[in-house]
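Each chain, letter by letter, is given below.
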Amino acid sequence: MATFKKFNLPFGSATYPSSGATNIYTHPGSTDKASVIVGLSVSNTSSFDLPCDVWLKKGGTSLPHYLAKERTIKAGETIQLIDSGQKVVLEYASSTADALWANAPTVDGSSTTTFSCWLSIYEDVN
């Protein structure tokens, strides 16, 4: 039976954009069921206008599919990357899982809470 879940994770890296990405969500690994993203918001929790990247990776590949690339988000602002009627299906096949990743710079070079990602998802969808 499909279940509705939510995730809220901070992200940010002193080594943005070259490294330090945060794995927001990875398909849990059931080969016959999908996970469906029904909502994805990103908030800039800092006091500065900053860029962020959010992308999907198909299982078994390293190529990103960007939902946002170097997207500047104003201080304190939230943007919707997936909302009202949009859906993204994540799968697990051949021992590899699709995943959602995010990265952004930090303000002070050490904090990992420059941005926050809010994800709404259905898991175990037939």
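Note that the structure is predicted; figures quoted are calculated from it, not measured.

Thresholds, definitions, all that
Residues numbered from 1 in each chain as written. Predicted model: local features only at pLDDT ≥ 70, side-chain atom pairs only at ≥ 80, totals over all residues. Heavy atoms only, no water. Helix = DSSP H or I, 4+ residues; strand = E, 2+ residues; numbered from the N terminus. Rg over C-alpha atoms; globule rule 2.2 N^0.38 Å. Buried < 20%, exposed > 50% of the residue type's maximum accessible area, 1.4 Å probe, protein only. Lys, Arg positive; Asp, Glu negative; His and termini not counted. Charge placed at Lys NZ, Arg CZ, Asp CG, Glu CD. Contact = heavy atoms within 4.5 Å. Core = buried A, V, L, I, M, F, W, Y, C linked by side-chain atoms within 4.5 Å. Pairing = 2+ DSSP bridges. Salt bridge = Lys/Arg side-chain N within 4 Å of Asp/Glu carboxyl O.

Trainee: How should the overall build of the protein be read in this particular structure?
Mentor: For the protein, the helix and strand inventory stands at 0 helices and 11 strands. Each helix (α) and strand (β) of the protein, taken in turn from the N terminus, gives the series β-β-β-β-β-β-β-β-β-β-β. For the protein, the C-alpha radius of gyration of 15 Å lies close to 14 Å, the compact-globule estimate for 126 residues. On the principal axes, the C-alpha backbone points of the protein span a range of 45 × 30 × 20 Å. Sorting the 126 residues of the protein into buried and exposed places 38% on the buried side. Averaging the locations of the 9 positively and 11 negatively charged side chains of the protein gives two centres separated by 3 Å.

Trainee: Hey, could you run me through the environment of Trp 55 in this one?
Mentor: Note that Trp 55 resides in strand β4 (residues 50-57). A relative accessible area of 9% places Trp 55 in the buried class. Sequence separation of Trp 55 and Asn 23 is 32 residues, and the distance between their C-alpha atoms is 9.9 Å. Once you skip the residues sitting within four places of it in the chain, Trp 55 turns out to touch Ala 21, Pro 64, His 65, Tyr 66, Leu 67, Ala 99, Leu 100, Trp 101, Ala 102 and Asn 103.

Trainee: What exactly am I supposed to notice about the nonpolar core here?
Mentor: Considering soluble globular proteins, one finds that nonpolar side chains tend to be buried as a cluster. Membership of the largest hydrophobic core comes to 24 residues, with the highest contact counts inside it found for Phe 11, Ile 37, Leu 40, Val 42 and Leu 100. For this core, the secondary structure elements donating two or more residues are β2 (22-26), β3 (34-44), β4, β5 (64-73), β6 (78-82), β7 (88-90), β10 (99-103) and β11 (115-125). When near neighbours in sequence (up to four residues on either side) are disregarded, Leu 100 contacts Thr 22, Asn 23, Ile 24, Tyr 25, Ile 37, Leu 40, Val 54, Trp 55, Leu 56, Leu 67 and Leu 119.

Trainee: Sorry, what's going on with the pairing of β11 here?
Mentor: Sheet faces and side chains relate simply in a regular strand, where the side chains alternate between the two faces. Note: strand β1 (residues 3-11) against β11, 9 bridges, orientation antiparallel. Residue pairing across strands places Lys 5 opposite Ile 121, the latter belonging to β11. Pairing of β3 with β11, which is carried by 9 bridges, proceeds in the antiparallel orientation. Bridging across to β11, Ile 37 finds its partner in Ile 121.

Trainee: So what exactly am I meant to see when it comes to the pattern of salt bridges here?
Mentor: In total, this model carries 1 salt bridge according to the counting rule given. For Lys 5, the salt bridge goes to Glu 123, with nearest N and O atoms at 2.7 Å. Here Lys 5 is found in strand β1, whereas its partner Glu 123 is found in strand β11, with 118 residues between them in sequence. With relative accessibility at 7%, the residue Glu 123 sits in the buried group.

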